[in-house]
Amino acid sequence: MNRILVAATAALLATTADAQDRGPVTKNSSPPLIVVEDRGGTSALPYYEALNLQPRANAPARPPIPTPRVPATPADEAAMLPVRSSKLTPGTVARRVIEAPGLRPFAVIGDDEASRVWLQRRAAALRERGAVGLVVNVETAQSLARLRALVPGVPLAPVAGDDLADRLGLRHYPALITATGIEQ
């Protein structure tokens, strides 16, 4: 760290002295950049381009970076089954406020009667919100297909939910988690 600081200070002093020798700097001239340290690696430019920042006045237009598409239902989904989440069971979920700005709404459900009734009742609202469903307890591909038939247009994916339960303090489902709250 000290070597970098010393090198940066020396470069700054050299640039300042050089600029004083040359006189006033014109609009189109500037001192050359001095690389203090370059560890190589991969360019971070794609990450900055993904932010869609305003282009510079003379910068050429660049095509947007393509976002890879993940299939809604992986080919080996049956290999993921059965899904069992020991920390989540059907039951009553107490409504509470959370702060998770930017979180896409998602439902936590299982393959049980309470979840099926809840899905049928909330199907339109889930579609309108662009929610996805995490099926945290399901045994077979046929059971998962029956759940999907209840909410066409709402992607459902089998997911082990124990880590999610710990992070959200969730013990029961069905539940809807949004950027502002958890509710049944």
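To start, this report covers the structure provided alongside it. (Residues numbered from 1 in each chain as written. Predicted model: local features only at pLDDT ≥ 70, side-chain atom pairs only at ≥ 80, totals over all residues. Heavy atoms only, no water.)

## Brief notes about the overall build of the protein
Reasoning step 1: The number of helices and strands found in the protein is five helices and eight strands.
Reasoning step 2: For the protein, the α and β elements follow one another from N to C terminus as α-α-β-β-β-α-β-α-β-α-β-β-β.
Reasoning step 3: For the protein, the exposed area adds up to about 13100 Å²; of that, 58% sits on carbon and sulfur atoms. (Helix = DSSP H or I, 4+ residues; strand = E, 2+ residues; numbered from the N terminus. Areas by Shrake-Rupley, 256 points an atom, 1.4 Å probe, with all protein chains shown as cover.)

## Notes on the pairing of strand E3 (residues 106-110)
Strand residues, when the strand is regular, have side chains that alternate between the two faces of the sheet.
Reasoning step 1: Most of E3 sits inside the fold, with five of its five residues counted as buried.
Reasoning step 2: Judged by which residues are buried, E3 turns out to be covered on both faces: Phe106, Val108 and Gly110 on one side and Ala107 and Ile109 on the other are all buried.
Reasoning step 3: Direction of pairing for E3 relative to strand E4 (residues 132-137): parallel, over a ladder of five bridges. The partner of valine 108 across the bridge, within E4, is leucine 134.
Reasoning step 4: A crossover links E3 with its parallel partner E4, the connecting element being helix H3 (residues 113-129), and its sense is right-handed.
Reasoning step 5: Of the strand pairs in this sheet, E3 and strand E7 (residues 175-177) are connected by three bridges, and their pairing is antiparallel. (Buried < 20%, exposed > 50% of the residue type's maximum accessible area, 1.4 Å probe, protein only. Pairing = 2+ DSSP bridges. Right-handed = clockwise from strand over helix to strand, strands pointing away.)

## Things to note about the side chain of threonine 178
Reasoning step 1: You can see threonine 178 is positioned in the loop between E7 and strand E8 (181-183).
Reasoning step 2: On the basis of relative accessible area, threonine 178 is assigned to the buried category, the value being 10%.
Reasoning step 3: Every residue in contact with threonine 178, bar those within four places of it in the chain, is listed here: Ile98, Leu103, Pro105 and Arg129. (Contact = heavy atoms within 4.5 Å.)

## What to know about unusual backbone geometry
Reasoning step 1: The residue after leucine 81, namely proline 82, is reached through a cis peptide bond having omega 0°.
Reasoning step 2: In this fold, proline 82 is placed in the loop between helix H2 (45-50) and strand E1 (89-90).

## Examining the pattern of salt bridges
Reasoning step 1: Inspection of the entire model under this criterion finds eight salt bridges.
Reasoning step 2: The shortest N-O distance in the salt bridge between glutamate 77 and arginine 148 comes to 2.7 Å. Of the two residues, glutamate 77 sits in the loop between H2 and E1 while arginine 148 sits in helix H4 (residues 141-150), which places them 71 residues apart along the sequence.
Reasoning step 3: Between arginine 116 and glutamate 113 there is a salt bridge; the shortest N-O distance is 3.6 Å. Of the two residues, arginine 116 and glutamate 113 are both situated in helix H3; the distance of three residues between them amounts to about one turn of the helix.
Reasoning step 4: Glutamate 113 gets classed as exposed once you look at its relative accessible area, which sits at 51%.
Reasoning step 5: Through salt bridges with shared partners, a single network forms among Arg95, Arg122 and Glu183. (Salt bridge = Lys/Arg side-chain N within 4 Å of Asp/Glu carboxyl O.)

## Comments concerning the environment of leucine 119
Reasoning step 1: Following the sequence through the fold, leucine 119 ends up in helix H3.
Reasoning step 2: Sequence separation between leucine 119 and isoleucine 109 is 10 residues; the distance between their C-alpha atoms is 8.3 Å.
Reasoning step 3: With residues up to four places along the chain from it excluded, the contact list for leucine 119 reads Ile109, Leu126, Leu147 and Val151.

## With respect to H3
Reasoning step 1: Here H3 contains 17 residues, and its C-alpha end-to-end distance of 23 Å stays within 8% of the 24 Å for a straight helix at 1.5 Å per residue.
Reasoning step 2: Of all the bends in H3, the greatest measures close to 60° and is centred on arginine 122.
Reasoning step 3: The inward-facing, buried residues of H3 abut E3, H4, strand E6 (172-173), E7 and E8.
Reasoning step 4: The backbone nitrogen of alanine 114 has a side-chain oxygen 3.2 Å away, supplied by the residue at the start of H3, namely aspartate 112.
Reasoning step 5: Positive backbone phi, approximately 70°, marks glycine 130, located one or two places after H3. (Expected span 1.5 Å × (residues − 1). Bend = angle between axes of the 7 residues up to and from the residue. Polar contact = N/O pair within 3.5 Å; in protein donor to acceptor, adjacent residues only side chain to side chain.)

## Here we look at the nonpolar core
Reasoning step 1: In terms of nonpolar packing, the biggest core is built from 17 residues, with Ile109, Trp118, Leu119, Leu126, Val135 and Leu156 touching the most fellow members.
Reasoning step 2: Those elements that provide at least two residues to this core are E3, H3 and H4.
Reasoning step 3: For this core, the leading source of residues is H3, giving four residues.
Reasoning step 4: If sequence neighbours within four positions are ignored, leucine 126 has contacts with Ala107, Trp118, Leu119, Ala131, Val154 and Leu176. (Core = buried A, V, L, I, M, F, W, Y, C linked by side-chain atoms within 4.5 Å.)

Any functional reading would require information beyond the geometric quantities listed.
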